[in-house]
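# Topology and contacts: notes
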Amino acid sequence: MMSKSDKKENIFNLDGLTYRYFLIILLLSLFCFFVIGPVLSLLLQTTNSSLNYILIYLPFLLFLLIFTVLWCKVLKQPLILLFSPFYSWRKALFIMVAISYLVLLFINDFIFDRTYTANGFNPLMLLSLLLIPFQTLAEEVIFRVSPLIIASRFDLNKKSVKTILILLSGVLFALMHLSNPEIAHPLIILYYLFWGLFTMAITLYTKGIEVTYALHLVNNLFITIVMNYPSSALPQTAFFTKISFPNTYNLLIFEVISFLLITIESKGFINGQKENH
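Residues numbered from 1 in each chain as written. Predicted model: local features only at pLDDT ≥ 70, side-chain atom pairs only at ≥ 80, totals over all residues. Heavy atoms only, no water.

## What to know about the packing of helix H4 (residues 58–73) against helix H7 (residues 124–150)
Where H4 meets H7, the axes come as close as 9 Å, and the angle between the chain directions of the two elements is 50°. When the interaxial angle is binned, H4 and H7 end up oblique. H4 and H7 meet at a crossing whose hand is left-handed. Facing Phe-60, Leu-61, Phe-63, Leu-64, Phe-67 and Trp-71 of H4, the residues of H7 in contact are Leu-131, Phe-134, Gln-135, Leu-137, Ala-138, Glu-139, Val-141, Ile-142, Ser-146 and Ile-149. Among the residues making up the contact of H4 with H7, the classes are represented as 13 nonpolar, two polar and one charged. (Axes fitted to C-alpha atoms, helices over the stretch in contact; angles between N-to-C directions. Helix = DSSP H or I, 4+ residues; strand = E, 2+ residues; numbered from the N terminus. Parallel < 35°, antiparallel > 145°, perpendicular 65-115°, else oblique. Left-handed = near helix turned anticlockwise from the far one by under 90°. Contact = heavy atoms within 4.5 Å. Nonpolar A, V, L, I, M, F, W, Y, C, P; charged D, E, K, R; others polar.)

Structure below.
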């Protein structure tokens, strides 16, 4: 049965004062992310490789800590609302998408493209398993959840509101990655733009971040543990490394095909839920 909040699509239901407090909290958290975190990362650099590896992720950890604590303590909002605004967390959807995308990545990198070298085990992989989930979750809050909260003052059923949200998220996601080393490669910015556009669109369609978090988490864990590439923004700790940066056109084609398959899979899951209810 559809709840009242689902019909209105104003799922956060923040009053005027709480909404203004949210905007202040978001700006404060982003200041920690873009300024305080990077400065601390530089100041705390040591000769210890493990500590330096952790410091790479400090801005993300700091953002997530500040934002979630203030969200719960100041705004008095439930934590689960940040990660699954419309429903309770759909673990089956998350696991299904994560496994599917992992299989697609393995097929693409080990069957269609065999130009890589083996590196062996790196102990920092264990830190990746611990830190990447927080890093990707922080980006989901910044690029998917926060725009949703900002737009909660409007009717999310309107196509104009959805279109603005999708465009805003896509452009912001692409802009944030302009400092990545791989941006020097032609058209790679389109990869990030399309990723941002699709993930916001699928968030609105599925009414949650289970799909986007699964995609983001699997993608970054795959890069840091399984297959990395030259000029990667993520640390070179994987078992394998591509000999050269992947062809941009091939990346875009893989992205389009993968997202199409994930959309079909997610649509089947959502339709199945509706039939069960």
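## Concerning unusual backbone geometry
With a phi close to 60°, Lys-76 is a non-glycine residue in the positive phi region. Locating Lys-76 in the fold gives a position in the loop between H4 and helix H5 (80–83). Residue class for Lys-76 comes out exposed when judged on its relative accessible area of 65%. Despite not being glycine, Ser-231 shows a phi value in the positive range, around 65°. Inspection of the secondary structure assignment puts Ser-231 in the loop between strand E2 (227–228) and strand E3 (240–242). What makes Ser-231 partly exposed here is its relative accessible area of 29%. (Buried < 20%, exposed > 50% of the residue type's maximum accessible area, 1.4 Å probe, protein only.)

## Thoughts on the packing of aromatic side chains
All chains considered together, the criterion is met by 27 aromatic pairs. With a centroid separation of 6.5 Å and an interplanar angle of 40°, the aromatic rings of Tyr-19 and Phe-22 are classed as tilted. With Tyr-19 and Phe-22 both in helix H2 (residues 16–43) and three residues apart, the pair spans about one turn of that helix. Judged by relative accessible area, which is 12%, Tyr-19 ranks as buried. You can call Phe-22 buried: its relative accessible area is 0%. (Phe/Tyr/Trp six-rings, centres within 6.5 Å; stacked < 30°, edge-to-face > 60°.)

## A look at H2
Taking 1.5 Å per residue as the helical rise, H2 with its 28 residues ought to reach 40 Å, and the 39 Å between its terminal C-alpha atoms agrees with that figure. Looking at H2, one finds that the buried residues are Thr-18, Tyr-19, Phe-22, Ile-25, Leu-26, Ser-29, Cys-32, Phe-33, Gly-37 and Ser-41. Structurally, H2 contributes buried residues whose contacts are with helix H3 (49–56), H4, H7 and helix H8 (159–176). Between a side-chain oxygen at the N-terminus of H2 and the backbone nitrogen of Leu-17 the separation is 3.2 Å; the capping residue is Asp-15. (Expected span 1.5 Å × (residues − 1). Polar contact = N/O pair within 3.5 Å; in protein donor to acceptor, adjacent residues only side chain to side chain.)

## Points about the environment of Phe-239
As for its position among the elements, Phe-239 is in the loop between E2 and E3. Using a relative accessible area of 32% as the deciding quantity, one classes Phe-239 as partly exposed. Separated by 196 residues in sequence, Phe-239 and Leu-43 place their C-alpha atoms 30 Å apart. Here Phe-239 is in contact with Thr-117, Ala-118, Asn-119, Gly-120, Phe-121, Met-125, Ile-225 and Val-226, once residues within four sequence places are set aside.

## A look at the sheet that holds E2
Ordered by their spatial adjacency, three strands build an open sheet running E1-E3-E2, and the pairing between neighbours is mixed. Here the strands that pair on one side only, and so sit at the sheet edges, are strand E1 (116–118) and E2. (Pairing = 2+ DSSP bridges.)

## Considering the nonpolar core
The nonpolar side chains of a soluble globular protein tend to be buried with one another. Of all hydrophobic cores here, the largest spans 69 residues; its most connected members are Phe-22, Phe-67, Tyr-101 and Leu-215. Sort the elements by how many residues they give to this core and H7 lands first, with 12 residues. With residues near it in sequence (within four places) discarded, Leu-215 still touches Val-97, Tyr-101, Trp-195, Phe-198, Phe-259 and Ile-262. Membership of the second largest hydrophobic core comes to seven residues, among which are Ala-151, Leu-156, Val-161 and Leu-204. (Core = buried A, V, L, I, M, F, W, Y, C linked by side-chain atoms within 4.5 Å.)

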